[in-house]
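Here's the letter readout for the chains.
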Amino acid sequence: MSDGAALAGPDGALRCPWALSTPDYITYHDEEWGRPVHGDDALFERLSLEAFQSGLSWITILRRREGFRTAFADFKIASVAAFTDEDRERLLADEGIIRNRAKIDATLANARVLLGWSPGDLDELIWSHAPAPGKAPRTLADVPAVTDESTALSKALKKKGLRFVGPTTAYALMQACGLVNDHLETCVRRSAL
C-alpha cells in the first residue's frame, strides 16, 4: 500500500500514485494533466468536464470524453450556446455522456453566459487566479482539494453567472489546466512542466 508518495509505473518511472490504476490514467497523467491549457473553448471544455466529474471518479469522465465532445459540439461555446430544447432532450438521452439534468443545464447555461463575453475573457479570468509556484508536494496528503485561489476563482466565475463551479471544481480545473503543478516532487512529469 502506498503512503501517497510517487510510485514506479510499468516503465519503472516514478509517477503520482493516482495515475497507476489504469493505462487511461497513465496516458492522461503523462500527456495532459498539469500542462497549460489556453483558449476559451478549451477551457470551457475542461470546466464543463470538471463539473460533470463532481461526485464521480475522473476515470468515468475520461473514458466518456469523446462522447462528451461529440454530444457538446466539441465544446465550441457558440455552438453549445445555440443548443435548443431538442438538443437538451437529446443530451438527456445520450448514453455516451453523464445524463445528469442539472449538469447538462449548467453546461448549456454557462455557454450562453460565455457567449456574451469578449474573446479571451474566460482564459484571462481563469489564468488571473494562477498562484505563484509553490513547494512541490511530496505525497498526495500534501495536495489540497481547495485553496484560497480556487475559492477566489469560484467566486469570480459565479459572480459572472457561471454554475457548477465550486472551489473544489475550480481547484481540479487549476490542476488539470496547469495553473498549479501538483505532480509530486519525484514524479517524472513534474520537471517536464
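Just so it is clear, the model here is predicted, and its values are computed rather than measured.

A. Structural view of the side chain of threonine 139. On the secondary structure map, threonine 139 appears in the loop between α8 (121-127) and α9 (148-159). With relative accessibility at 18%, the residue threonine 139 sits in the buried group. The contact partners of threonine 139, leaving out residues within four places of it in the chain, are Asp3, Gly4, Ala5 and Leu184.

B. Main features of the nonpolar core. Ranked by size, the top nonpolar core spans 46 residues in total, and within it Phe44, Phe68, Phe72, Leu91, Ile104, Leu122 and Leu157 carry the most contacts. Here leucine 157 is in contact with Leu47, Leu122, Leu125, Leu162 and Val165, once residues within four sequence places are set aside.

C. Examining the packing of aromatic side chains more closely. Enumeration according to the criterion identifies 10 aromatic pairs in this entry. Taken together, a centroid distance of 5.9 Å and an interplanar angle of 70° make the contact between phenylalanine 44 and phenylalanine 75 edge-to-face. Here the residue phenylalanine 44 occupies a position in helix α2 (residues 40-53), and phenylalanine 75 occupies one in the loop between α4 (65-71) and α5 (77-81), the gap between them amounting to 31 residues. Like phenylalanine 75, phenylalanine 44 is buried. When the ring of phenylalanine 52 is compared with that of phenylalanine 68, the centres are 4.8 Å apart and the planes differ by 55°; the resulting orientation is tilted. Here phenylalanine 52, found in helix α2, pairs with phenylalanine 68, found in helix α4; they are 16 residues apart in sequence, far enough to count as distant.

D. How the structure looks around the packing of α2 against helix α10 (residues 167-176). Running from N to C, α2 and α10 cross one another at 130°; their axes reach a closest spacing of 9 Å. It follows from the interaxial angle that α2 and α10 lie oblique. Crossing of α2 over α10 shows right-handed handedness. Here Leu43, Arg46, Leu47, Glu50 and Ala51 of α2 come into contact with α10, specifically with Thr169, Ala172, Leu173 and Ala176.

E. Seen up close, unusual backbone geometry. Positive phi values are uncommon outside glycine, yet aspartate 74 reaches one of about 55°. Checked against the element boundaries, aspartate 74 lands in the loop between α4 and α5. Phi is positive for phenylalanine 75, which is not a glycine, with a value near 60°.

F. Up close: the packing of helix α6 (residues 85-93) against helix α7 (residues 101-115). Close contact between α6 and α7 brings their axes to 10 Å; oriented N to C, the two are set at 140°. Here α6 lies oblique to α7, going by the angle between them. Crossing angle aside, the handedness with which α6 passes α7 is right-handed. Residues Arg88, Leu91 and Leu92 of α6 form the contact with α7, whose own contacting residues are Arg101, Ile104, Asp105 and Leu108.

G. Focus on the UniProt feature "binding site: Zn(2+)" (unreviewed entry) in the protein chain. The UniProt feature table records "binding site: Zn(2+)" (unreviewed entry) at Cys16, His29, His183 and Cys187. These residues run over 172 residues, yet every pair of their C-alpha atoms falls within 10.3 Å of each other. Within the secondary structure, histidine 29 is located in helix α1 (residues 23-31). What makes histidine 29 buried here is its relative accessible area of 0%. If we ignore the near neighbours within four places in the chain, the residues touching histidine 29 are Arg15, Cys16, Trp18, Ala19, His183, Cys187 and Arg189. Summarising the element assignment, cysteine 187 is placed in the segment after α10. Those residues in contact with cysteine 187 that sit more than four places away from it in its chain are Ala6, Leu14, Arg15, Cys16 and His29.

H. Just the pattern of salt bridges, in detail. All chains considered together, the criterion is met by 12 salt bridges. Residues aspartate 11 and arginine 15 are paired through a salt bridge, measuring 2.8 Å at the closest nitrogen-oxygen approach. Measuring nitrogen to oxygen at the nearest pair gives 2.7 Å for the salt bridge that ties aspartate 24 to arginine 63. Highlighted residues: aspartate 24 in helix α1 and arginine 63 in the loop between α3 (58-62) and α4, separated in sequence by 39 residues. With relative accessibility at 34%, the residue aspartate 24 sits in the partly exposed group. Taken together, the shared-partner salt bridges in this structure form one network comprising Glu32, Glu45, Arg46, Arg65, Glu66 and Arg69.

Here is what the cut-offs are and how they apply
- Counting starts from 1 at the beginning of each chain's written sequence and moves along it residue by residue.
- At least 70 in pLDDT is required for a residue's local features to be given in this predicted model, at least 80 for side-chain atom pairs to be given and counted, and no such filter applies to totals for whole chains, interfaces and linings, which use all residues.
- Side-chain numbers here rest on the full set of heavy atoms in the structure, without hydrogens or water.
- The numbering of helices and of strands both runs from the N terminus, where a helix is a DSSP run of H or I of at least 4 residues and a strand a run of E of at least 2.
- For every residue, the accessible area obtained with a 1.4 Å probe (protein chains only) is divided by the maximum for its type, and the residue is called buried under 20%, exposed over 50%, and partly exposed between those limits.
- Contact criterion: two residues are considered in contact whenever any of their non-hydrogen atoms come within 4.5 Å of each other.
- We call a set of buried residues a nonpolar core when its members are Ala, Val, Leu, Ile, Met, Phe, Trp, Tyr or Cys and they connect through side-chain atoms within 4.5 Å of each other.
- Working definition: rings of Phe, Tyr and Trp (its six-membered ring) pair if their centres are within 6.5 Å, and the pair is stacked with planes under 30 degrees apart, edge-to-face with planes over 60 apart, and tilted otherwise.
- Note on geometry: axes are C-alpha line fits, over the in-contact stretch for helices, and angles between N-to-C directions span 0 to 180 degrees.
- Oblique is the label for every angle not falling under 35 degrees (roughly parallel), over 145 degrees (roughly antiparallel), or within 65 to 115 degrees (roughly perpendicular).
- Definitions for this section: a left-handed crossing has its near helix turned counterclockwise from the far helix by less than a right angle. A right-handed crossing has that turn clockwise.
- UniProt positions are given in the numbering used here, feature names are shortened, and annotations may be inferred rather than shown by experiment.
- Salt bridge criterion: a side-chain nitrogen from Lys or Arg within 4 Å of a carboxyl oxygen from Asp or Glu.

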